[in-house]
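Structural characterization, general
Take a look at the letters that make up each chain.
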Amino acid sequence: MELEVIIGLEIHAEMNTKTKMFCSCSNDNFGKIPNTNVCPICMGFPGTLPVPNKESIRKGGVAALALHCQIQPHSKFDRKNYFYPDLPTGYQISQFDEPISKNGWLEISLNGEKKKIGITRLHLENDAGKLTHGSAGTLLDFNRAGKPLMEIVSDPDLRSAKEAKEYAETVQKLVRYCDSSDCDMEKGQMRFDASVSLRPVGDTKLYPRAEIKNLNSFRSLESAIDYEIKRQGELWEKDEAPSIETTVGWDELKGQTYLMREKESAADYRYFPEPDLPPIDISEAELAEWLKEVPEAPGEKMDRFMKDYAMSEIEARFLAEDGTYAKLFEATATATKNPKTAASFIGTVLPSHLKEANKTLAESGLTAAHFTELIQLIDAGTISNNTAKTTVFDEMMLSAKMPKAIVEEKGLAQVSDTGAIEALCKAAMEANPAAVADVKAGKTKAMAALVGYVMKESKGQANPPLVNSILEKLLV
Ligand SMILES: [Zn+2]
């Protein structure tokens, strides 16, 4: 029997607001001593009242718009009731039947093919605390409790683990572009639940799925889905297709999923409208403000770079992927009117120097002004491309000094004095009679030896086009 894979993804992304979702505790708890970033509200003490964080509603709204979702003018918060030790209130504040946004889509690109993935909804909720299981028992840290999350639920449109991974990566880029979440996987700021089921090809109904909970890397997302497809495929082959929905976990070490429980339905959570919070009403004016913040999507930017700057797909993908690089490139390309060199310096030279120096772009202190000045020096013939890439760039990486100052300090300006170069060219011809004879006999490749001699004697500072033209004149 030929089977088709059906995957839907829930993505939880922690929003990068200043404070938690319903209290004024800091939203930055990374590296803090456990249970020091808490207050009576996020600890669920009796008599306290939550206050919605406006910034998180806006950040969620902007991300929803970027995912082409429709913002609902009226939505509300609900209590999702379940008992779990990391949930101090005994319920999570989420959105049930009236989420802030629904009906969106996202285009993904896999092996050059584009596909639209439907998005059921993006809603807002708060995070739980963190349990650490050790040999001495279980430790509880509530620093994370109450942090603002957006949950992005896809339609069951994904057909392979690779597609699911590509979709998750595309969401990550887009949400980062919106500045709604940093989506740092290392810090647990982005987590996935993947629902996987199979069905005979041609069938249109959905069969009971297994929901793989809490995947926290792209690699585990892909491996866990692949494992689940294989496991369920074998059951179908034995005519024992899953008959009930299940919740499973992923054991990274064993590389397999394990049964956690039969899946809860919405009824198990006894959702009811959160009595302590007013509904969310979004005005036309607010929506218009959010729309202004929606950035160009990375995919659209990539297509535009390829078209406007005649870039290759690889080059455009790299520069469009990260909002900071994209901005740096566009500012430099506009200022220098030399997009080709800007793309090469920002897309190739910069990343390799950063890697070597083990620095981030922010740590390097390099800005569009640095790149603009550097490229202008090359275009004016003051320094060669090679000097720019090596000596000047090395110093820029070290001190973040401006290129002009570096060139002056180190005396790197190219020699464009015709007389001095002509003297060096003549010396080169005297030292290489064989090369001179070869060039005169039409073997133009022999020119390289002569140019090389001049460059070496001038310590790389002779202007190469000038050297070539003088040699050509002398060799006639
Ligand atoms: Zn708090």
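Residues numbered from 1 in each chain as written. Predicted model: local features only at pLDDT ≥ 70, side-chain atom pairs only at ≥ 80, totals over all residues.

**Topic: the overall build of the chain**
Along the chain, the regular secondary structure elements total 16 helices and 16 strands. Against the compact-globule benchmark of 23 Å for 476 residues, the chain has a radius of gyration of 30 Å, which places it well outside the compact range. Reported as C-alpha extents along the three principal axes, the dimensions of the chain are approximately 95 × 55 × 55 Å. Taken over 476 residues, the chain has a buried fraction of 38%. Contacts in the chain between residues far apart in sequence, at least 24 positions, make up 69% of those at least 6 positions apart. (Helix = DSSP H or I, 4+ residues; strand = E, 2+ residues; numbered from the N terminus. Rg over C-alpha atoms; globule rule 2.2 N^0.38 Å. Buried ≥ 20, exposed ≤ 12 C-beta atoms within 10 Å, placed from the backbone. Contact = placed C-beta atoms within 7 Å.)

**A word on the nonpolar core**
Grouped together as the largest cluster of nonpolar side chains are 52 residues, with contacts concentrated most on Leu67, Ala164 and Ala194. Among the elements that make up this core, the one with the highest residue count is helix α2 (residues 161–177) (eight residues). Residues contacting Ala194, with those up to four places away along its chain left out, are Ile7, Leu9, Ala164, Ile212, Leu215, Leu221, Ala224 and Ile225. Of all hydrophobic cores here, the second largest spans 30 residues; its members include Ala326, Ala342, Phe371 and Ala388. (Core = buried A, V, L, I, M, F, W, Y, C linked by C-beta atoms within 7 Å.)

**A few points about the domain arrangement of the chain**
Partitioning the chain into structural domains gives domain 1 (3–290), domain 2 (296–410) and domain 3 (418–475). Distance between the C-alpha centres of domain 1 and domain 2: 37 Å. Every contact between the two is made by seven residues of domain 1 and, on the other side, five residues of domain 2. Elements with a contribution of two residues or more to the side of domain 1 that touches domain 2: β6 (101–110) and α2. Considering every element that reaches the side of domain 1 that touches domain 2, the biggest residue donor is α2, with four residues. Broken down by class, the residue content of the side of domain 1 that touches domain 2 amounts to three nonpolar, one polar and three charged. (Domains from an automatic or database assignment. Nonpolar A, V, L, I, M, F, W, Y, C, P; charged D, E, K, R; others polar.)

**Looking at the sheet that holds β6**
Sheet architecture is open: nine strands sit in the order β2-β6-β7-β10-β1-β11-β12-β13-β14, paired in mixed fashion. Because the sheet does not close on itself, it has two edges, and the strands there are β2 (70–71) and β14 (256–262). The strands touched by helix α1 (residues 54–66) are β2, β6, β7 (113–126) and β10 (148–154); relative to β7, the strand with the most contacts, the crossing angle is about 165°. (Pairing = 2+ DSSP bridges. Axes fitted to C-alpha atoms, helices over the stretch in contact; angles between N-to-C directions.)

**Remarks on unusual backbone geometry**
For residues besides glycine, phi is generally negative; the peptide bonds are generally trans as well. Phi at Ala310 takes a positive value of approximately 50°, unusual for a residue other than glycine. Secondary-structure assignment places Ala310 in the loop between α5 (298–309) and α6 (313–321).

**Some details on helix α10 (residues 368–379)**
With 12 residues, α10 should cover 16 Å at 1.5 Å per step; its first-to-last C-alpha distance of 16 Å lies within 8% of that length. Along α10, the positions that sit buried rather than exposed are His370, Phe371, Glu373, Leu374, Ile375, Leu377 and Ile378. Looking at the buried residues of α10, the elements they touch are α7 (323–336), α8 (339–357), α11 (385–399) and α12 (403–410). Looking one or two places after α10, you find Gly381, whose phi comes out positive at around 80°. (Expected span 1.5 Å × (residues − 1).)

**Some words on the environment of Asn216**
Tracing the chain through its elements places Asn216 in the loop between β12 (210–215) and α3 (218–237). With 18 C-beta atoms packed within 10 Å, Asn216 lands in the partly exposed category. Put simply, Asn216 and Pro242 are 26 residues apart on the chain and 25 Å apart in space, counted from C-alpha to C-alpha. Ignoring anything within four residues of it in the chain, the contact list for Asn216 reads Met185, Gly188 and Arg191.

**A short note on the packing of α8 against α11**
When two helices pack together, you describe them by how their axes are tilted relative to each other and by the distance separating the axes. Running from N to C, α8 and α11 point in directions that differ by 55°, and their axes come no closer than 11 Å. Judged by the inter-axis angle, α8 sits oblique to α11. By crossing handedness, the relation of α8 to α11 is classed as right-handed. From α8, Val349, His353 and Ala357 reach across to α11, where they touch Lys389, Phe393 and Met397. Taken together, the residues of the contact of α8 with α11 break down into four nonpolar, one polar and one charged. (Parallel < 35°, antiparallel > 145°, perpendicular 65-115°, else oblique. Left-handed = near helix turned anticlockwise from the far one by under 90°.)

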